[in-house]
Protein chains: 2
Amino acid sequence: MRVLILGGDGYLGWPTAMALSEAGYDVALVDNYFRRNACVERDLPPIFPLLTLHERVALWQQLTGRSIQVTIGDITNFDLLERVFQTFKPEAVIDYAEQPSAPYSMLGPREAHFTVRNNLCGTLNLIHAVKRHAPDCHIIKLGTMGEYGTPNIDIEEGWLEVEHKGRREKFLYPRQAGSLYHTTKIQDTDMLWFYVRTWGMRVTDLMQGPVYGMITPQIRRDDRLATCTNYDEIFGTVLNRFLVQAVVGMPLTVYGKGQQTRGYLNLIDTIACIRLAIDHPAAAGELRIMNQFTETMSVNEIAARVCQAAGQMGLNPTVNHLVNPRKEAEEHYYNPTHNKLTALGLQPHLLTDAVLMEQLAFIQRYRARIRDDIILPRTTWA
Amino acid sequence: MRVLILGGDGYLGWPTAMALSEAGYDVALVDNYFRRNACVERDLPPIFPLLTLHERVALWQQLTGRSIQVTIGDITNFDLLERVFQTFKPEAVIDYAEQPSAPYSMLGPREAHFTVRNNLCGTLNLIHAVKRHAPDCHIIKLGTMGEYGTPNIDIEEGWLEVEHKGRREKFLYPRQAGSLYHTTKIQDTDMLWFYVRTWGMRVTDLMQGPVYGMITPQIRRDDRLATCTNYDEIFGTVLNRFLVQAVVGMPLTVYGKGQQTRGYLNLIDTIACIRLAIDHPAAAGELRIMNQFTETMSVNEIAARVCQAAGQMGLNPTVNHLVNPRKEAEEHYYNPTHNKLTALGLQPHLLTDAVLMEQLAFIQRYRARIRDDIILPRTTWA
């Protein structure tokens, strides 16, 4: 099956590409190098040194004999995306091509504008390219659990049945997110739902929780296949940041009270979910929404687990509560459903000591690259 | 009070500007001439000849002694919008600066892209300009009743209380619209709601139904003050189109069964609602949503009323049902609330024979300009 991955150079895109290639899918990648360039421009180097995408793909071919196509370009350019569709003729497309950082989206008007234009015009062009060149192609869109926010009622999988004044209707589950980035994902959902109804497209929207981890079977083969893993205040995410802090002997920085609870998953489970979605496509005219995480944890619990695993390796991190740079509820109800991916066959890899220790050991090999001056939050929601 | 009108050259923007200027507000306008240019490029002339915006403002000053500031430029350019805020220092801003046509947004990928970029980056820049230069400024945003679509439950004013599994939450009323244009208004709402919560902004979102009419007290003064009124398949709207068809002796073209029901209002009531919103601003941190229409009617009812009024003027239009170019429910439940503007003091001008006959007589004076070849729908949702 021909699978096109938009954002194929990113933290999720590249490991997904290798996993699918190894599993026998025919894979093509598009990436505009936004993340790489932003990391260079803002002096926020990732943990591991990165080959260019062309070099990565050449190395992958050398190691496995499998080829992956690469286009460096921007999907907000419709002509470019059309050419990719015309030549590759994808049967499924995975859209990771979004500006993925909440703090980046809050930096200022220019970064906000970039986030909106990149994320929404990219999704829109994808929809139009599918309609015009591959109407049966299955779009797999990465949403986020953050779209739901932290409502006072249970979070269902994408939809909510409402009874009101004696009448009933089923709606998209109401969404209200905690950053502009997360809000663009809501806006993506609005747009996809409109076109699914109007054009009968096949769309899967994966409402993903924060992903952690940097090791997949393919990356274990050769460090040079490592994925772009950030730990800085802009592109880093909480669990990976804690791992880096544990390695360099910095206190783990919990924002605010640390009782913020979210659904998390391991990078390898993200890839497994993507593969389940590809292998079980949405029907024509279906917007299938699945909540993609394996366990809910508070930030305090994550910090405690990292401390416990690090302790077994002779590291002894402490925990430091910072003034929360974000505007978010620090104590809240949180009870999200997540049955659909399990029903498709997902076998979760939970956050065990062994998982944490393997990541810590990997980071330790690159300890000399870690810059402790880029970790603490400077971008606020104020 | 200093009121900035974005989209001040448009069908609603220009009459609003004159009405506010006459009422003593200090008015400044920004417009990128999108609508004018698109009408020229697509050869879709409006009913009345139009002076440029600079000429209109000069004529207005000559007739009334009141000045209105004009900036021709694009609010998706943040630098331009910043300069306007720095010099004019608005206390209220009315955002009419959106690509307003549902069919235009469905023409193809480039028009879709323009609609998304123009509408969302414009709103985003407005939010950032207010935050940076006029944090107490009241944003009055034109939403649309079309955001709600036609759900099977009553439509409330912006918000819905939900009880689910024994717990309660209040959400934005779930929205699902019938065109990409309408969907961008939903996306605007998502974005405004995020920034209202995060930055404590003052926002009024007016969920406006289709507006009809082309006559205000200011326009009665001099035809050269007429507003940009289209009747073509792209920029025309249903009631104004029927009036033009009645004048030129074409059948009134009802799309599909004609049982599609919406809430309508007269142009002069739109202006009255805007003024009520300005004079009663939203609180800091409030997203105030008001449903803005005065009466609900089906397309068939509108056609019947136009036929009746036209008959009294010796015109005898017939009604022709066309295959619906849009994808929309032609039979549906529709019970929207609209109490908030009435509570603020709105006194509706309903669709009477007298109202219709005054519009018909105005159009008759420009009958020679009407082009019957641009009226029938060619743009489909397919």
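*Asks:* Give me the lowdown on the nonpolar core, citing residues and values where you can.
*Replies:* Most often, soluble globular proteins have nonpolar side chains that are buried together. Counting 228 residues, the largest nonpolar core has Leu-6 and Val-306 of chain A together with Leu-6 and Val-306 of chain B as the members making the most contacts within it. Filtering out sequence-adjacent residues up to four positions away, Leu-6 of chain B remains in contact with Val-30, Ile-75, Val-93, Ile-94, Asp-95, Tyr-96, Ala-97 and Leu-126 of chain B.

*Asks:* Could you give an account of the sheet that holds strand β12 (residues 286–292) of chain B, naming the residues involved and the relevant values?
*Replies:* Residues and elements named next belong to chain B. Strand order in the open sheet made by the seven strands is β3-β2-β1-β4-β5-β8-β12, with parallel pairing throughout. Every interior strand has two partners, whereas the edge strands, β3 (69–72) and β12, have only one. Strand-to-strand, the axes of this sheet are offset by a mean angle of 20°, without reference to chain direction. Bridge count between strand β1 (residues 2–6) and strand β4 (residues 92–95): four bridges; the pairing is parallel. Paired with Leu-6 across the bridge in β4 is Asp-95. Helix α1 (residues 13–22) contacts β1, β2 (26–31) and β4 of the sheet and is inclined by roughly 165° relative to β2.

*Asks:* Tell me what's going on with unusual backbone geometry, and back it up with residues and numbers.
*Replies:* Phi at Lys-165 of chain A takes a positive value of approximately 50°, unusual for a residue other than glycine. Within the secondary structure, Lys-165 of chain A sits in the loop between β6 (159–164) and β7 (167–172). Taking the number of C-beta atoms within 10 Å as the measure of exposure, Lys-165 of chain A has 8 and is therefore exposed. In this model, Lys-89 of chain B sits at a positive phi of 50°, which is unusual for a non-glycine residue. Structurally, Lys-89 of chain B is set in the loop between α4 (78–88) and β4.

*Asks:* Please give an account of the packing of helix α1 (residues 13–22) of chain A against helix α10 (residues 267–279) of chain A that cites residues and values.
*Replies:* All names here are of chain A. One way to put it is that α1 packs onto α10 with a least axis distance of 10 Å and a crossing angle of 55°. In terms of orientation, α1 lies oblique with respect to α10. Read as a crossing pair, α1 and α10 show a hand that is right-handed. Contacts between α1 and α10 pair Pro-15, Thr-16, Ala-19 and Leu-20 from the former with Leu-267, Ile-271, Ile-274 and Arg-275 from the latter. In terms of residue class, the contact of α1 with α10 is built from six nonpolar, one polar and one charged.

*Asks:* Give me the packing of helix α11 (residues 299–311) of chain A against helix α13 (residues 353–364) of chain A: which residues, what numbers.
*Replies:* Two packed helices can be described by the angle between their axes and the distance between those axes. All names here are of chain A. For the pair α11 and α13, the least separation of the axes is 9 Å and the interaxial angle reads 70°. The pairing of α11 with α13 is recorded here as roughly perpendicular in orientation. Read as a crossing pair, α11 and α13 show a hand that is right-handed. In this structure, α11 contributes Arg-305, Val-306, Gln-308, Ala-309 and Ala-310 to the contact, and α13 contributes Asp-353, Leu-356, Met-357 and Leu-360.

About the cut-offs
Residues numbered from 1 in each chain as written. Chains lettered and ligands numbered in written order. Predicted model: local features only at pLDDT ≥ 70, side-chain atom pairs only at ≥ 80, totals over all residues. Core = buried A, V, L, I, M, F, W, Y, C linked by C-beta atoms within 7 Å. Buried ≥ 20, exposed ≤ 12 C-beta atoms within 10 Å, placed from the backbone. Contact = placed C-beta atoms within 7 Å. Pairing = 2+ DSSP bridges. Helix = DSSP H or I, 4+ residues; strand = E, 2+ residues; numbered from the N terminus. Axes fitted to C-alpha atoms, helices over the stretch in contact; angles between N-to-C directions. Parallel < 35°, antiparallel > 145°, perpendicular 65-115°, else oblique. Left-handed = near helix turned anticlockwise from the far one by under 90°. Nonpolar A, V, L, I, M, F, W, Y, C, P; charged D, E, K, R; others polar.

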